[in-house]
Structures are given as C-alpha cells and as structure tokens.
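Take a look at the letters that make up each chain.
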Amino acid sequence: MGVKMQGHHHLVAVSLNEQQLGIKRKYTSYIPRRNQSKYLALWIIAFGFVAMNVYKCIDAGHQERIEEGLVSMCDQRARMLQDRFRVSVNHVHALAVLVSTFHYYKNPSVIDQETFAEYTARTAFERPLLSGVAYAQRVMNSEREEFEKQHEGIIRTMAKEPSPHRDEYAPVIFAQETVSYLHLLDMMSGEEDRENILRARATGKAVLTSPFKLLGSNHLGVVLTFPVYKSKLPPKVSVRERIEATAGYLGGAFDVESLVENLLGQLAENQEIVVKVYDVTNPSNPLITYGRQTQEGDLSHTRVSMLDFGDPYRKHQMTCRYLRKAPISWTAFTTASLGYVIVLLAGYMFYTGAIHIVQVEDDFDTMQQLKVRAEAADVAKSQFLATVSHEIRTPMNGILGMLALLLDTELSSTQRDYAQTAQACGRALITLINEVLDRAKIEAGKLELESVPFDLRSILDDVLSLFSEKSRHKGIELAVLVSDKVPRIVMGDPGRFRQVITNLVGNSVKFTEHGHIFVQVHHAEHSEADAKSETFMNGISEGRAISRFRTLSGREAADDRNSWDTFKHLVGEDEYPFRAATAEKVDLLVSVEDTGIGIPIHAQELVFMPFMQADSSTSRHYGGTGIGLSISKCLVELMGGRISFVSRPKIGSTFFFTVAFNRSEKSTVSDLKKSLYEDLPNAFTGLKVTVVDSKPVRAAVTRYHLQRLGMVVKIVNSIQMAISMRFMLVLLFSLPSTLVELQQDRQPDLLLVEKDTWLSNEDTGNIRLSDHRPIGHTSNSPKMILLATNITSPEFDKAKATGFSDTVIMKPLRASMVAACLQQVLETGNQAKQGRLMAKGSLYLRSVLSGKKILVVDDNRVNRRVAAGALKKFGATVECADSGKTALALLHLPHTFDACFMDIQMPEMDGFEVTRRVRMMESNANQEPMSETMTIEGSAFTRTGEWHLPILAMTADVIHATFDECRKSGMDGYVSKPFEEETLYQAVAKFFESNPPSDRSFKTTTSKNGEP
Amino acid sequence: MERNQMQMHRQIATIRKSLFDQGYLDEQFVQLEELQDNSNPNFVEEVVTLFYRDSARFLYNLDQALEKRPLDFSRLDSLMHQFKGSSSSIGAKKVKIECTHFRDYCNARNTEGCQDKLGPSRRHAGPDKSFGF
C-alpha cells in the first residue's frame, strides 16, 4: 500500500509540476527577444543618416563663410579694376580734349608729333593701363592725297600695306613713342577699330572694342576710342551732326591682361582665387578678356561681379573662383564622425546588452523551471516521508502496546524501569518520526508553536530516561539540573523544547565515550548575575580543590559552568532584550555539556547546516543524518532564542541555547496535559537526606532531584564527614543557641552514598560506617542507599554486606525513579499508589472509569463488542448503540451517560452528524432556564449547570484532518481503533482526571479545554 | 481427562503461536485476550463467534455485490470498511491487510483486482475457524 500511495503522490507531484510549468513568464520584456542584429543594422543605418545630416548642417555654415569670402574678394577686385579703368579712361578723355583744344581750336596747331609724343610720354604714369595712345585724323577720300602730301607718307592698312581706296580713313598722325609703329596706319582698316570709331563718333563718348590680341604684345586687350570734334558741340546734337563734326579719334590700347595681373598682384590672397574677365556684350558668346581658358579652379563656388568700364554698349563681368577646392570642414567632419562613433558604440552596447539580457532571462526561466521541479521533488520527498513515517508508526504501536501490557504485570523496580524506558524510547521514536515530518513543515515555514503550560523538569526527566540505558551502558554520567529560580510551570511548546533537548543530548550520548553529559537549565538573567555563586552551589566551593576540573565527572569539559562569560561573548549583550522586561517572560539558558570527541575546528561553522556532519567518517562511525542540529536551530529560533556552542576537539562540546517562555498564570497543574506533567509523590516531603559525594556538581544534581521530592538535603563530601557530623551533633546538643536547628536537623533519615566516593573510602569509611551503625539510634538509624551509574554484582554484594539496602539507585537520576526506589526501600508506598505513580496505566484507568456509564456507538458488531469489553474491563458500565439514530435516541436529554465513544464512519448518519445533533440538543437545553433537570443525579450535567457530554471519536486513521473535523463537529477528542490502553487512558484522563469515582457531578469541568 | 485437557491446551497454544508467526493474528488479539477475565470469562469466544457470524453474512453480501455488473464500488467499499473494522478489532491481521488492498482496488475502480482479491480473503478467513474455544 505504501508503494501504491507513493506512486499516487508522485503523480500529484508531476501534475503540480506541469501546472506550474504552464505558467508563462510573468514579467514584461522591454527588449526584442530575437533579431537583435537586424535592429543593430537598422540603428547603424539610421544614425548614419543622422550623422550625414549633422555634417551637412555644420558644413553649410562653413561653405557660406567661404562664399562670403569669395564674394567680398571678387567685388573688391571688380571695384578696383573698374576704378583704375575709369581713371585711365578719364585721362584719355583729357588727352582728347587736349588734342581738340590745341590741334583744332588753335590755328595753326600747336601740337605736332613731337609735342604729342613728349607730352604723352611724360603723362604716361597717369595711364599705367594703356600701352600707348595715338591720335588718328579723320580723312575723307577726297582729302587723301592732300593729307599724304602734308604728312609725307601714304596711309597704310593695319597690315602695313598702302591702304586701298576707301570712303574715309583714319590715319594716325600723333602717336606715343611706345606705339610709334602706328604712324599713318589707317585705324579704319582694322575691323574692331573701325567699328569703334564709328560708334565713338556717333555717341561722342569713349567706346571699347571687344577683346582681341594686341599688336606688339601678344596680350589680350581692348582699344579705347574717343572722338575729337572740330568744334564744341551743343548739348543736344544729332548723330549726323556729330559725325559731321568729327575731326579725329584718340585711341588707346588697354592691355587688360597686364592690367588685371598688375592689379591682382597688388592684392593679398591673390594666389587663392582665379579671376576671369569676360566681355558679355553678346551674352550668348562671352569673350574672355582675361584669364586662361583652362584654369578652372574650384567650380563649386563662383562669383560673378559686373564691371562698368564706362561704355554702356559693352558689358563686362568678372568671374572669381577659388583656385583650390575649399578644404573639408574638419570641425563638421570630426563632430559628425565622433558622434557617429559614439552612437555606434552605444548601439553595440545595447546589442550586447540585449543579447545578455535575453540570455539571462532565458537562464532565469530555466532556473525557475528547475526550481519548480525541485520544489515538486521536495513535495514528493515530504510525501514520501509522510508515507514512510506512517508505515513505521503501525509496528511501533504494537511494540508500545506490548510494553504497556508488560508494565501491568508484577515487575521488580529494575525491570519496571527497563520496561518504562523501552516504552519511553518507543514513544520518543514515534515522536521523532513526527519530527521528521516537522522538518518538512519547518522548511515550508508552516510550523506553529503551541503555547501550553508544562513542567520543564519532567520534560527533562523524560529526555534523560530516553538515554539512560545507553549512557549506563557506556558508563557515562548523565545528569540534569534545573535552577531553583526557574518556575515550575511555564507556557511554551513542550514538544519542541523536548525535541531540541533530545537532539542535543542524543548527539552528546552518541559522541561521548567517557565522562559525563550534563544538562543545565538556568534563568538567563540569573545566570549572568550569579554566574559564580551558582556554580559553587552554596558551600561546595572546595570542589575546585578536590577535583581538577569542576565538572560532573571530573573530566575536563570544553566549557564548564563558567562558560557564561564565553557565551556572553558569543551571543552579544543585546541578545537579551527581555532582561529588564516584565516578569511575564522567562528567559532560560539551557546548556548541554559533554566530554565527547568534540567538533573539529574546521567543521564548527558547518554544524548547523542541514545534512552536514563534521566529516564523512562521522556518519560511518556514529550514524545519523545530520539533520538534527539544523532542526534544533530552527526550533530554537522559532522559540525566540539563539543556539551556539563551544567545542574543543578531544575534550568535548557544550551547546547552549536560550529560549523564552511565558510565565504560566496557573500555579497548579491540575489542568495540565497528563503527558506534560509528572505527578511526583509527596510522601517524602520533609524527609532528611544526607548525600555523600566528593564531587560537588554531582552532589548538586542529586540534591536537585531530592529537593523536588520535597526532601531536606545536606551534602558532605566524604563518609568521614557524614560520620563526624553525627558526632558534632551530639557535642552541640547541649548548646541552647543551636537547639532549634539541631532539633530540626537531628538525624538524617536517609544516607545516599555515591558509589565512587564509597569505593574510594572503602578501607576506612566502610568499617567505620558499619562500626557506627549499631552505636547510633538503632530505631531510626538512617537507611543507606548507593547511587551508581553502573554496578557489578561483586560490588553489589559488597555493598549489601556493608549495610546498604538492596536497592541501588541507578543513574541517571530522575525524580520519579528516585521516588520509586525510595518507596521500595522505605516500603512506604502501597500497591495502589505505586501503580498510579509508575504506570499511569490500567489501575488508574480503572479508578477513573469504574462506575461510569458510557455509550459506545458503532455499526460494527465486533468493534462494538471489543470496545465495550475494553471499557468494562476498567469497571465502566457500557451501553451500546448500533447506529447513529439509536444513539441519538439514547442521548435524548435528560440522560445518564458520562461519556460517549462514537464511530465516525457509519451508514445513514455518521459520527460527526450525530455529534452535531447532540450538541444542538444540549445547547437548546442549556438555553432553557434552570429546571428540574438539575435534580438528575449522575448525568453529564456540569457544575456550572451546562449539559456537555464528552464525545470521543473512534477512528482507524489518526490523521490530523480527521481530528480537526472531530473538533469542528463538537467532539472532545478521539481514540484510535483498535483500542489501546495508553491512548484510551490519555483520552479519558482529561475528562475524569482528579475526580474520584464517587464525585460524579464534577467530571466535565475540564472539557472546555478541548484538548484530548 | 485432565491430561486430555492439558494436551488440548498445549495444542491450542501451539496453534495460536503459529497463527501469530504466520501473521494471521496481531497484537490486537492479545489485547482481546487481556480483556477476558473472571468477570467476563468467554469474552474472546463471544467476540470471535460474532466475527464469524458477521463474516459469513458479509461474504454472502460481498458475493452478491460482486455479481452485479457494473460493480457498485461504493457499496463494495463500505462493505469492506465494515469487514476491515471487524477484523482489525479481533486482530485478524491478514484479513485486514487484504481488506485494505481490496479497498485500494475499489478506490481505483479496478474490477479485476476486486475479484482477484476476494479469493484470498476467503481463504484467509479459513484458519481462524480452527480456533476452538
């Protein structure tokens, strides 16, 4: 069945797994999950365009500045050229005026060739642009011969040949020296000159030819022509009259090329630009006046400036270009490219970032899936644990049942102790199995702590009893000591507290071969204040001198009681915020000291890690899983404390933990759970005991247990002392001041002797002891009892011979065990009392149940019979009902039942339903005013006047859910089927506890606690 | 006469032990025996007789329930619950275990399993009968 269930659970786990895997990622992703490289390319291209735009923007400004420079330079040149030209033209004009004045208006002429040449030569500086000036006279064909005679030459054409016959001529009569070759050349014979002459005389203004190659210099040039009139012309005159009045023409050749070159040479930055001058009279065919055709310069920037040389007919323009291409704007280039590089890098960063993020997210997803799987596996593990633990519980119940039966038989005290120990161990095993389940709960954070009142000391006794067999076997002293200042009852979670103690002590037992294990509980506040005084335990401070190490067994411990100082350092002062706090809290410091193998230094950090052991060989040697300490740590922290330890290899370890319990308001223990409280007999109250022990700590432990039984304890460290004290008493008897004390402390009733001390004093002590025995008051001479961890039979025989009683109190000491032994020795306990004390078992059950009337409801005949039989055995009157309905009829108020055991699973009406109905009836009845029902004797009528019948569920499966449902439907508890004495006892004890069978009206007062 | 009785007692003790050893009975039977005392001398006999009477009736009911098609699993389950309760009360361990298995099959709606299981549970019901009190 276990296997089957496991499989089922596995299925559950898998489906859970799939369900969780089905949940897609919940987070939103802000980055593209694929095609990152495409986005990168897009980014690069887009920002490429942006960078280009930026470059263009910046470059445009640059170009503009270049353009402006060009414009200003070009305009400057054009203006200068124009000005110079104008100046020269004006001079030629002046010459024309000169000629007309002195050649024509004066008669005879005062100008001849020589004068003209000299004058022009001397004023040539005024006309730097003109290569030379000449004056040509207008000669009509009719006048040719006369003219030729007068000038002693013939008119020649430009080609220097005698001029052919024409209508009119314009031979040069005066010429500057530089152009003397023009003498008598007919200006009209040149195409450009002729055109010029005609236009000049028609307009009366200076006119220019289109550029042509000048004679002489091979430069491009223009010819300037001025008309010279015979007489002053009136302002308004027709063209014809002008022509008629024309006397000649003054001309000059402008060497434009040298002019411009000269001009440009004067200017700075001449090298940078290319200047061209065009004659654009015919716009479709601009004629180049200056500049080489080939030299283009930078075509991207061109500036055209208009030139006005004073001839409205001719139009000129100047074209300027940069010689070299404008250098690239480095600012723009670097800005754009650097920006682009930065953006590229950013893009790459985003790209790698995105890839990384995607990868991380994918990894995260994978991790999450793995986590889900791991959690599912964890759930499966927990379920497996639950199943296995459940399966182990069944046979354990058998063992426990058998032990319970064994305890009912007649047993000697030793046998009884063994059997009880076995039973306690079995119970502890069950508890441990439950604790394994707790581990899962702790891991899930679902563990909740109880807060119930419990007796700390009996818990510790229980834990000790678990390990007593083992420690005895190993010869280890196992002892517990709880400080007097610790309150008897505290509020807390006894199970968890016990679990921690069990774990620590268990570890200590496991790892200790010699020496002792000592559990101490102190008040945390007092521990600090009284650190010194407590350790020496009132007048046993000489213990230090006696044994080298002031510990339980005399062996050195890692950290003896003084270790509070160390602990303080480990945990730090502020760990005790409650110190000044109210008395509501009880802060306890628990230490478990052993003299075992200790923990290797390197492993000390790992001690509280789950599944870690000091080293792998540890588990081979000592077994165990290593889970215990981690659980303990969790539990201690849950209980508001801290756990720590001090350990020295080869010497031992001491574990400390603090825990904060609430102070219980109740001083009594009447409503404690039976299992959490051990009823110690009070038959020994006031008994005087002398403990003989050479080791003070051990003696203190003994005293602690005896004091719990109410005895008055005195400690001496040797038998001699014990004896001498008796002498002292005799001596002091007469002194009145100590009279009262002496009367109280006259004679011990018991003498408890530690075996070690007895053996070490064997030679002397024995004899004296036996000597003195008869001397003492024989009637009430003290009983002598030996305390021992283990004892061999020869030793036992010897002890008996020396006068010790038959019973040896075996360690570890527990109050109840000591009481049992003392009872045996003193024979004060009667059978019944002992039964109650020892077994909590059938006898008690009998006393509780006898005379009670109990209803058993079960549809199964066999079950009914067995349950009835079991209850009858304990003296109860049993009535049976085979169905829920019958039960309901029987339970109709008023009835006389004291309790009801109810099967849950029944046809027609199940146990829950029956309970609900019963509770409804009861509450109805309770609402009614006090009526005659009060008078009914022996019913489930409480003292407070309320009906409440204790109903206990009988169920085969003791799972928590069922129990919860029981509670919900109003049941008071449950017992597992089949009936087992122990569980029956636990369930019943709550209701009938401390009520003598005769007192029948007081039985349900405690049921309101609701705990079974 | 007395010798016969002694022999019979011994025989009974042997049978009882072997039943424990083979796992037919468990500690619950011991508890049952514990309940028998002077005030209630025939307790065990009474209970066991009750058990057999119930068992006979139960097996008859079970047979009938198993002949129906389709099987009424909830009825089978409740029958088995009853039977399991009885057997665990008297400590018939093997019967109890078989009942548990049967109920598992019921829960799993396994028809064949149910039918296969019935054989053994009948068979195991046998040995207890040899118990003559």
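Analysis parameters
Residues numbered from 1 in each chain as written. Chains lettered and ligands numbered in written order. Predicted model: local features only at pLDDT ≥ 70, side-chain atom pairs only at ≥ 80, totals over all residues. Heavy atoms only, no water. Helix = DSSP H or I, 4+ residues; strand = E, 2+ residues; numbered from the N terminus. Buried < 20%, exposed > 50% of the residue type's maximum accessible area, 1.4 Å probe, protein only. Contact = heavy atoms within 4.5 Å. Areas by Shrake-Rupley, 256 points an atom, 1.4 Å probe, with all protein chains shown as cover. Axes fitted to C-alpha atoms, helices over the stretch in contact; angles between N-to-C directions. Parallel < 35°, antiparallel > 145°, perpendicular 65-115°, else oblique. Nonpolar A, V, L, I, M, F, W, Y, C, P; charged D, E, K, R; others polar. Pairing = 2+ DSSP bridges. Phe/Tyr/Trp six-rings, centres within 6.5 Å; stacked < 30°, edge-to-face > 60°. Lys NZ or Arg CZ within 6 Å of the ring centre and 35° of its normal. Disulfide = S-S within 2.5 Å. Left-handed = near helix turned anticlockwise from the far one by under 90°. pLDDT = per-residue confidence, 0-100. Buried area = accessible area lost by both parts, 1.4 Å probe. Salt bridge = Lys/Arg side-chain N within 4 Å of Asp/Glu carboxyl O. Polar contact = N/O pair within 3.5 Å; in protein donor to acceptor, adjacent residues only side chain to side chain. Patch = residues over 30% accessible without salt bridge, like charges linked within 9 Å, V, L, I, M, F, W, Y side chains within 5 Å.

**Student:** I'd like a description of the overall build of chain B, backed by residues and values.
**Tutor:** Of regular secondary structure, chain B possesses six helices and zero strands. When the helices and strands of chain B are placed in sequence order, the string is α-α-α-α-α-α. For chain B, the residues scored as buried account for 45% of the 133 residues in total. Sequence separation of at least 24 residues holds for 54% of the intrachain contacts in chain B that already meet a minimum separation of 6. Put simply, chain B shows about 7,500 Å² of open surface, and 49% of that area lies on carbon and sulfur atoms.

**Student:** So what about the overall build of chain A? Which residues, and what values?
**Tutor:** Across its full length, chain A holds 31 helices and 29 strands. Split into buried and exposed, the 1012 residues of chain A put 48% on the buried side. Of the contacts formed within chain A by residues at least 6 apart in sequence, a portion of 74% connects residues at least 24 apart.

**Student:** Mind laying out the packing of helix α2 (residues 27–35) of chain B against helix α3 (residues 43–67) of chain B, listing which residues take part and the relevant values?
**Tutor:** All names here are of chain B. Closest axis-to-axis distance for the α2/α3 pair is 8 Å, and the angle between their directions is 130°. Classed by the angle they form, the pair α2 and α3 counts as oblique. Of the residues in α3, those in contact with Phe29, Leu32, Glu33 and Leu35 of α2 are Phe43, Val44, Val47 and Val48. Considering only residue class, the contact of α2 with α3 consists of seven nonpolar, no polar and one charged.

**Student:** Please provide a residue-by-residue account of the sheet that holds strand β11 (residues 302–307) of chain A, values included.
**Tutor:** Strands belonging to one sheet form pairs held by backbone hydrogen bonds; the direction of such a pair is parallel or antiparallel. Residue and element names in this part refer to chain A. Spatial ordering of the open sheet is given by β10-β9-β12-β11, a layout of four strands whose pairing is antiparallel. Of all the strands in the sheet, just β10 (287–290) and β11 have a single pairing partner and so form its edges. Along the sheet, successive strands turn relative to each other by an average axial angle of 30°, direction set aside. Of the strand pairs in this sheet, β11 and strand β12 (residues 316–322) are connected by six bridges, and their pairing is antiparallel. Directly across from leucine 307, in β12, lies its bridge partner histidine 316. The strands touched by helix α7 (residues 256–266) within the sheet are β9 (273–279) and β10, with β10 carrying the most contacts at an inclination of about 50°.

**Student:** How would you explain the packing of aromatic side chains if you had to name every residue and give the values?
**Tutor:** All names here are of chain A. Under the defined criterion, the tally for this structure stands at 16 aromatic pairs over all chains. Relative to phenylalanine 657, the ring of phenylalanine 497 lies with its centre 6.2 Å away and its plane at 65°, an arrangement referred to as edge-to-face. Here the residue phenylalanine 497 occupies a position in helix α11 (residues 494–511), and phenylalanine 657 occupies one in strand β19 (residues 652–663), the gap between them amounting to 160 residues. In this pair, the class of phenylalanine 497 matches that of phenylalanine 657, namely buried. Joined through ring pairs, the aromatic side chains of Tyr104, Phe116, Tyr135 and Phe174 make up one cluster. Geometry around tyrosine 169 places arginine 144 over its ring, the cationic atom sitting 4.8 Å from the centre. For lysine 853, the ring lying beneath its charged end belongs to phenylalanine 897, and the centroid distance is 4.8 Å.

**Student:** Please set out the state of the cysteines residue by residue, giving values where relevant.
**Tutor:** All names here are of chain A. Taken as a whole and assessed by the stated rule, the structure comprises one disulfide over all chains. In this model cysteine 74 forms its disulfide with cysteine 320; the gap between the sulfur atoms is 2.1 Å. Disulfide cysteine 74 to cysteine 320: torsion about the S-S bond roughly 80°, handedness right-handed. Residue cysteine 74 is found in helix α2 (residues 36–105), and its partner cysteine 320 is found in strand β12; the two are separated by 246 residues along the sequence. When sorted by exposure, cysteine 74 lands in the same class as cysteine 320, which is buried.

**Student:** Requested: an account of unusual backbone geometry, with residues and values cited.
**Tutor:** Residues and elements named next belong to chain A. Not every positive phi belongs to a glycine, and glutamate 152 is a case in point at roughly 55°. Tracing the chain through its elements places glutamate 152 in the loop between α4 (144–151) and β3 (168–169). In this structure, leucine 184 takes a positive phi of about 65° despite not being glycine. For leucine 184, a relative accessible area of 5% translates into the label buried.

**Student:** Please provide a residue-by-residue account of the packing of helix α27 (residues 861–873) of chain A against α2 of chain B, values included.
**Tutor:** Interhelical geometry of α27 of chain A versus α2 of chain B gives an angle of 50° and a closest axis separation of 9 Å. Comparing the axis directions of α27 of chain A and α2 of chain B gives the class oblique. Crossing of α27 of chain A against α2 of chain B: the hand is left-handed. For the pair α27 of chain A and α2 of chain B, the contacting residues are Val866, Gly869, Ala870 and Lys873 of chain A in the first and Gln28, Leu32, Glu34 and Leu35 of chain B in the second. For the contact of α27 of chain A with α2 of chain B, a count of residues per class yields four nonpolar, two polar and two charged.

**Student:** Please give an account of the confidence of the model for chain A that cites residues and values.
**Tutor:** Residues and elements named next belong to chain A. Residue-level pLDDT values for chain A average 73, and 71% of them are 70 or greater. For the stretch residues 1–24, pLDDT sits under 50, and the model shows 19 contacts to residues farther than four places along the chain or on other chains. Within the model, the stretch residues 528–548 combines pLDDT values under 50 with 28 contacts to residues more than four positions away or in other chains.

**Student:** Could you give me a rundown of the interface of chain B and chain A, with the residues and numbers involved?
**Tutor:** Of the residues lining the interface, 29 residues belong to chain B; the matching set on chain A comes to 22 residues. For the pair chain B and chain A, the summed buried area comes to about 2,300 Å², and 55% of that belongs to carbon and sulfur atoms. On the chain B side of the interface with chain A, the three residues burying the most area are Gln31, Leu35 and Gln82 of chain B, jointly 21% of the side's total. Our count for the chain B to chain A interface comes out at zero salt bridges. The interface formed by chain B and chain A includes zero residue pairs in polar contact (both at pLDDT 80 or more). Of all the secondary-structure elements, those providing two or more residues to the side of chain B that touches chain A are α2, α3, α4 (73–90) and α5 (93–108) of chain B. When residues in the side of chain B that touches chain A are grouped by element, the largest group, eight residues, is from α3 of chain B. In the side of chain B that touches chain A, the residues fall into nine nonpolar, eleven polar and nine charged.

**Student:** Go over the environment of arginine 919 of chain A, please, and point to the residues and values.
**Tutor:** Residue and element names in this part refer to chain A. Along the chain, the position of arginine 919 falls in helix α29 (residues 911–927). Judged by relative accessible area, arginine 919 falls into the buried class, the value being 14%. Along the chain, arginine 919 and glycine 970 lie 51 residues apart, while their C-alpha atoms are 6.8 Å from each other. In terms of polar contacts, arginine 919 uses its side chain to reach the backbone carbonyl oxygen of leucine 949, at 2.9 Å.

**Student:** Describe the sheet that holds strand β28 (residues 951–955) of chain A, with residues and values.
**Tutor:** All names here are of chain A. A sheet is described by the order of its strands in space; here five strands give the open sequence β26-β25-β27-β28-β29, paired in parallel fashion. Both edges of this open sheet fall to β26 (877–881) and β29 (973–976), since each of them pairs with a single strand only. Each strand axis lies, on average, 25° off the axis of its neighbour in the sheet, ignoring direction. Where β28 meets β29, four bridges bridge the pair, whose relative direction is parallel. Opposite threonine 955, over in β29, you have serine 976 as the bridge partner. Relative to β26, α27 is tilted by about 165°, and along the sheet it contacts β25 (853–857), β26, β27 (899–903) and β28. Contacting β27 and β28, α29 runs over the sheet at an angle of about 150° to β27.

**Student:** If you had to explain a nonpolar patch on the surface to someone new, which residues and values would you point to?
**Tutor:** Residues Ile45, Phe49 and Met52 of chain A make up a contiguous nonpolar surface patch of roughly 330 Å² in combined accessible area. By the element assignment, isoleucine 45 of chain A lies in helix α2.

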